[in-house]
Amino acid sequence: MAVLEIRNLTVLYYTPKGLVKALDDVSLDIRNRGEVLGLVGESGSGKSTLGYTIAGLLPDNAETVSGKIVVNGVNVLNRKEASKARISVIFQDALTALNPVLTIGEQIAEVFIYNHGLSRKEAYEETVKVLEQVGLPRNFVNRYPHELSGGQRQRVVIAMALSMKPDLIIADEPTTALDVTVQAKILKLLLKVVKENNLTMLYITHDLSLVAHMCDTVAVMYAGEVVEYADVKQLFKEPKHPYTKALLKAVPRVDVDVEELEHIEGSPPSLINPPSGCKFHPRCPKAMSICKRRKPKLVSINGNRLVRCFLYG
Amino acid sequence: MGFFEISPETKDVLVRFLQPSTILGIAILGSIIILGVLIPLISPYDPYATSDNVLLPPLSSGPAWPYIFGTDSLGRDVFTRVFYAVSTDLAVALITVGLAASIGMVIGLVSGYFGGAFDSVLMRIMDVLISIPGFMLAIAVAAALGASLFNAMLAVAIVTIPIYARLMRGVTLSIKEQLYIMAAKEAGLGSLRIIFKHVLPNALAPLIVQSTLELGNAIIYIAGLSFIGLGAQEPQPEWGLMLNVGRKYLREAWWFATFPGLMIFLVVLSFNLIGDGLRDALDPRLRGTIRIKRSRLWRFLKSET
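Residues numbered from 1 in each chain as written. Chains lettered and ligands numbered in written order. Predicted model: local features only at pLDDT ≥ 70, side-chain atom pairs only at ≥ 80, totals over all residues.

Student: Describe the overall build of chain A, listing the residues and the values that go with them.
Tutor: Counting its secondary structure elements, chain A contains 11 helices and 12 strands. For 313 residues, the compact-globule formula gives about 20 Å, and the C-alpha radius of gyration of chain A, at 20 Å, lands near that figure. Viewed in the frame of its principal axes, chain A has a C-alpha envelope of about 70 × 50 × 40 Å. The proportion of buried residues among the 313 residues of chain A is 41%. Sequence separation of at least 24 residues holds for 64% of the intrachain contacts in chain A that already meet a minimum separation of 6. (Helix = DSSP H or I, 4+ residues; strand = E, 2+ residues; numbered from the N terminus. Rg over C-alpha atoms; globule rule 2.2 N^0.38 Å. Buried ≥ 20, exposed ≤ 12 C-beta atoms within 10 Å, placed from the backbone. Contact = placed C-beta atoms within 7 Å.)

Student: I'd like a rundown of the overall build of chain B, residues and numbers included.
Tutor: Assigned secondary structure in chain B consists of 11 helices and 0 strands. Put simply, chain B runs from its N terminus to its C terminus through helices and strands in the order α-α-α-α-α-α-α-α-α-α-α. Looking at chain B as a whole, 40% of its 305 residues qualify as buried. For chain B, long-range pairs separated by at least 24 residues make up 72% of all intrachain contacts whose partners lie at least 6 apart in sequence.

Student: Describe in detail the sheet that holds strand β5 (residues 74–75) of chain A, supporting the description with residues and values.
Tutor: Residue and element names in this part refer to chain A. Spatial ordering of the open sheet is given by β2-β1-β4-β5, a layout of 4 strands whose pairing is antiparallel. Two strands close off the open sheet at either side, each with one partner strand: β2 (18–30) and β5. By the bridge criterion, 2 bridges tie strand β4 (residues 62–71) to β5 in an arrangement that is antiparallel. When the bridges of β5 are listed, Val-71 appears paired with Val-74. (Pairing = 2+ DSSP bridges.)

Student: Give a detailed account of the nonpolar core, specifying residues and quantitative values.
Tutor: Val-71, Val-157, Leu-202 and Tyr-203 of chain A together with Val-156, Tyr-164 and Ile-222 of chain B are the most contacted members of the largest nonpolar core, which totals 165 residues. For this core, the element with the highest residue contribution is helix α3 (residues 78–114) of chain B, accounting for 16 residues. Other than its neighbours up to four places away in sequence, Tyr-203 of chain A contacts Val-36, Leu-37, Gly-38, Leu-39, Ala-171, Met-214 and Cys-215 of chain A. (Core = buried A, V, L, I, M, F, W, Y, C linked by C-beta atoms within 7 Å.)

Student: I'd love a proper account of helix α5 (residues 134–145) of chain B, names of residues and values included.
Tutor: Here α5 of chain B spans 16 Å end to end across 12 residues, near enough to the 16 Å set by a 1.5 Å rise per residue. Downstream of α5 of chain B by a residue or two, Gly-146 of chain B has a phi angle that is positive, lying close to 110°. (Expected span 1.5 Å × (residues − 1).)

Student: Residue-level account of the sheet that holds strand β8 (residues 200–205) of chain A, with values.
Tutor: Residues and elements named next belong to chain A. Across the sheet, which stays open at both edges, the 8 strands sit in the order β6-β7-β8-β3-β9-β10-β12-β11 with mixed pairing between neighbours. Single-partner strands in this sheet number two, and they are β6 (87–90) and β11 (298–301). In this sheet, neighbouring strand axes are inclined to one another by 20° on average, regardless of whether the strands run parallel or antiparallel. Looking at chain direction, β6 and strand β7 (residues 168–172) are connected through 4 bridges and run parallel. Paired with Ser-88 across the two strands is Ile-169, which belongs to β7. Here helix α1 (residues 47–55) sits on the sheet and contacts β3 (36–40), β6, β7, β8 and β9 (217–222); the angle it forms with β7, its principal contact strand, is near 145°. (Axes fitted to C-alpha atoms, helices over the stretch in contact; angles between N-to-C directions.)

Student: Which residues make up unusual backbone geometry, and what values go with them?
Tutor: Following Glu-234 of chain B, the chain continues to Pro-235 of chain B via a peptide bond in cis, the omega torsion being 5°. Along the chain, Pro-235 of chain B falls in the loop between α8 (191–227) and α9 (239–247). Here the phi dihedral of Lys-165 of chain A falls at roughly 50°; this positive angle occurs in a residue that is not glycine. Note on Lys-165 of chain A: 15 C-beta atoms within 10 Å, which makes it partly exposed. Positive phi values are uncommon outside glycine, yet Glu-173 of chain A reaches one of about 40°. Position of Glu-173 of chain A relative to the elements: it lies in the loop between β7 and α7 (180–196).

Student: Any chance you could break down the interface of chain B and chain A for me, citing the residues and the numbers?
Tutor: Each partner contributes to the interface: chain B provides 12 residues, whereas chain A provides 20 residues. Contributions of two or more residues to the side of chain B that touches chain A are made by α7 (179–186) and α8 of chain B. The element that contributes the greatest number of residues to the side of chain B that touches chain A is α7 of chain B, accounting for 5 residues. Split by residue class, the side of chain B that touches chain A holds 7 nonpolar, 4 polar and 1 charged. (Nonpolar A, V, L, I, M, F, W, Y, C, P; charged D, E, K, R; others polar.)

Student: Tell me about the environment of Arg-305 of chain A, and name the residues and values.
Tutor: Residues and elements named next belong to chain A. Considering the arrangement of structural elements, one finds Arg-305 in strand β12 (residues 305–308). Separated by 127 residues in the primary sequence, Arg-305 and Leu-178 have C-alpha atoms spaced 33 Å apart. Apart from residues lying up to four places away in sequence, Arg-305 is in contact with Tyr-229, Ala-230, Gln-234, Lys-240 and Ser-300.

Student: Quick rundown of the environment of Trp-254 of chain B? Include the residues and the values.
Tutor: Residue and element names in this part refer to chain B. Looking at the secondary structure, you find Trp-254 in the loop between α9 and α10 (255–282). Judged by the 14 C-beta atoms lying within 10 Å of it, Trp-254 is partly exposed. Through-space distance from the C-alpha of Trp-254 to that of Ala-281 is 40 Å; in sequence the pair is 27 residues apart.

Student: Outline helix α4 (residues 116–131) of chain B, listing residues and values.
Tutor: In this model α4 of chain B runs 22 Å from its N-terminal to its C-terminal C-alpha over 16 residues, within 8% of the 22 Å that 1.5 Å per residue would give. Of all 16 residues in α4 of chain B, 1 are buried; the element is thus mostly exposed.

Student: Which residues make up the environment of Asn-304 of chain A, and what are the values?
Tutor: All names here are of chain A. Assignment of secondary structure puts Asn-304 in the loop between β11 and β12. Given 11 C-beta atoms within a 10 Å radius, Asn-304 is considered exposed. Taking the C-alpha atoms as reference, Asn-304 lies 7.7 Å from Asp-231; in sequence the two are 73 residues apart.

Student: For the packing of helix α6 (residues 149–176) of chain B against α8 of chain B, give the residues involved together with the corresponding values.
Tutor: All names here are of chain B. The geometry of α6 relative to α8 is characterised by a closest axis approach of 9 Å and an angle of 160° between their N-to-C directions. Considering the angle they form, α6 stands roughly antiparallel to α8. In this structure, α6 meets α8 at a crossing whose hand is right-handed. Grouping the amino acids of the contact of α6 with α8 by side-chain chemistry returns 18 nonpolar, 5 polar and 2 charged. (Parallel < 35°, antiparallel > 145°, perpendicular 65-115°, else oblique. Left-handed = near helix turned anticlockwise from the far one by under 90°.)

Student: Could you give an account of the packing of α5 of chain B against α8 of chain B, naming the residues involved and the relevant values?
Tutor: Residue and element names in this part refer to chain B. Contact pair α5 / α8: the axes reach a minimum separation of 11 Å and the direction vectors enclose 55°. It follows from the interaxial angle that α5 and α8 lie oblique. Along this stretch, α5 crosses α8, giving a crossing that reads as right-handed. On α8, the residues that touch Phe-135, Ala-138 and Ala-142 of α5 are Tyr-221, Gly-224 and Leu-225. A breakdown of the residues in the contact of α5 with α8 according to their chemical character gives 5 nonpolar, 1 polar and no charged.

Student: Can you lay out the pairing of β3 of chain A for me, pointing to particular residues and giving the numbers?
Tutor: Residues and elements named next belong to chain A. With 5 of its 5 residues buried, β3 lies for the most part within the structure. Note: β3 against β9, 4 bridges, orientation parallel. Considered in β9, the bridge of Val-40 is made with Val-220.

Structure below.
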């Protein structure tokens with residue numbers, strides 16, 4: 001059984017300017033426990049919306065119009081079943097993800113008490129354990145969030161995520177708010193705890209170099225659609241979709257001298273009025289006449305990969 | 001290290017709270033409360049006992065030793081009565097505000113957190129209450145319930161509930177969008193637990209400030225109801241009631257009405273000064289924007305580092 005199974009998911013936002021199709025018929029799997037799936041895309045590509053939909057944290061003006069999300073056999077879009085799914089979210093901004101008026105210990109212990117039914121004393125012991133797992137000393141249970149540094153806060157958030165004993169962790173750009181040196185430490189820690197506990201993670205980011213480092217498989221999103229899905233090594237060695245190729249070219253590299261960084265012409269399409277046919281065709285260097293008229297399907301190539309482009313059938 | 005330690009955050013809040021105006025408010029209120037508590041020991045007179053030997057020309061004694069605030073039309077010492085009324089008026093104000101704030105708080109929290117039709121219905125009820133001029137409604141409620149101090153308290157509490165409900169609803173609306181509330185939901189905590197453990201402590205600061213400011217208003221309301229005869233009844237010492245009695249004699253004996261009026265003025269003023277200080281101290285938006293006069297106290301606090 002797949003850990004995460006998303007089928008034909010379509011999510012709409014109602015905005016004053018009109019309907020926004022944030023996710024358009026998205027299907028995606030995490031097949032094995034312990035797998036880390038990277039979700040990459042530009043701002044507004046729908047990657048965060050996908051994460052929030054799985055976690056059941058969509059804002060009030062969003063609606064899931066069709067599709068199915070199954071986490072470890074639990075249909076999370078079903079209101080009655082949703083609470084059975086063990087999903088943890090690691091948010092971008094650790095400061096706002098922690099309640100300012102409660103101590104770290106109170107916030108983590110709460111999960112053990114109300115979710116796992118432990119006594120106060122047991123919960124305290126467990127709390128100290130998860131804190132130690134993320135490299136924080138025991139006395140942090142009595143600290144308040146504002147007394148911690150950014151990196152320490154993110155460690156606490158990771159500890160909270162672990163305390164859920166989750167089937168799936170959704171990490172939404174967990175390091176963007178941190179200094180680069182701290183980023184590296186947090187990523188290392190995150191990877192370590194994920195491997196140690198054999199956890200499954202959906203890692204959402206716009207940073208391709210992080211994906212190469214963190215993930216086993218990658219899904220590239222563009223304008224609310226998955227355009228390419230592949231093993232991380234395959235994707236970096238041999239990107240198939242023109243958008244993925246362009247993205248990879250736009251990443252600065254230390255080992256190659258370039259005069260000017262390549263960029264992708266144009267800007268991401270409006271999701272209120274998306275282009276006809278393939279949504280990437282106005283910016284695609286290899287656009288053909290068919291791209292304007294018809295929408296490409298996600299096709300399977302070389303067995304394990306999926307690409308949404310007419311170049312491949 | 002000083003002999004007592006305060007964290008920098010606490011010190012910051014203290015410094016912003018203890019401005020000269022707040023200190024003045026605390027001083028006025030403090031001395032009034034102390035006198036109010038000690039009045040049975042200080043004053044040799046009974047607030048209820050009438051006496052005919054002080055019904056001096058034209059009908060009572062003006063402020064003169066030993067009746068420093070004079071005596072009223074029945075020969076009772078005004079000073080004694082004015083300070084006996086401190087406990088009545090302050091207790092009534094505290095209970096009224098406490099009652100209204102707790103009910104309003106729960107309505108606001110629940111309404112803001114759950115939203116939807118529930119929220120609309122509750123808030124429309126609050127709108128109806130708020131659309132009627134407060135004092136008119138208080139008069140109507142107090143008149144319907146019957147004239148007594150207790151009923152006046154109920155009336156004022158009912159009239160002021162919407163103030164707290166709307167305040168708390170607004171604060172709750174902004175807090176419930178915070179990530180830590182989402183995280184708490186994600187951790188599977190129940191709604192009531194999230195409301196009272198996670199939302200409420202974060203929403204407390206504006207509620208405390210509003211309640212302090214409303215204490216002054218509550219005193220005015222209660223004194224107002226007593227003034228028109230719908231609150232405290234003779235012979236209970238109560239400022240509004242004393243004002244009303246004194247009003248009839250204003251031309252002959254100015255001290256009947258002046259001293260209770262002065263007490264209302266001072267108490268309301270000090271509540272407002274303290275409330276303003278609390279707002280400066282507790283409102284995070286004002287952090288760092290207030291220029292505080294560097295008082296001796298400030299330097300004392302600073303020297304502790």
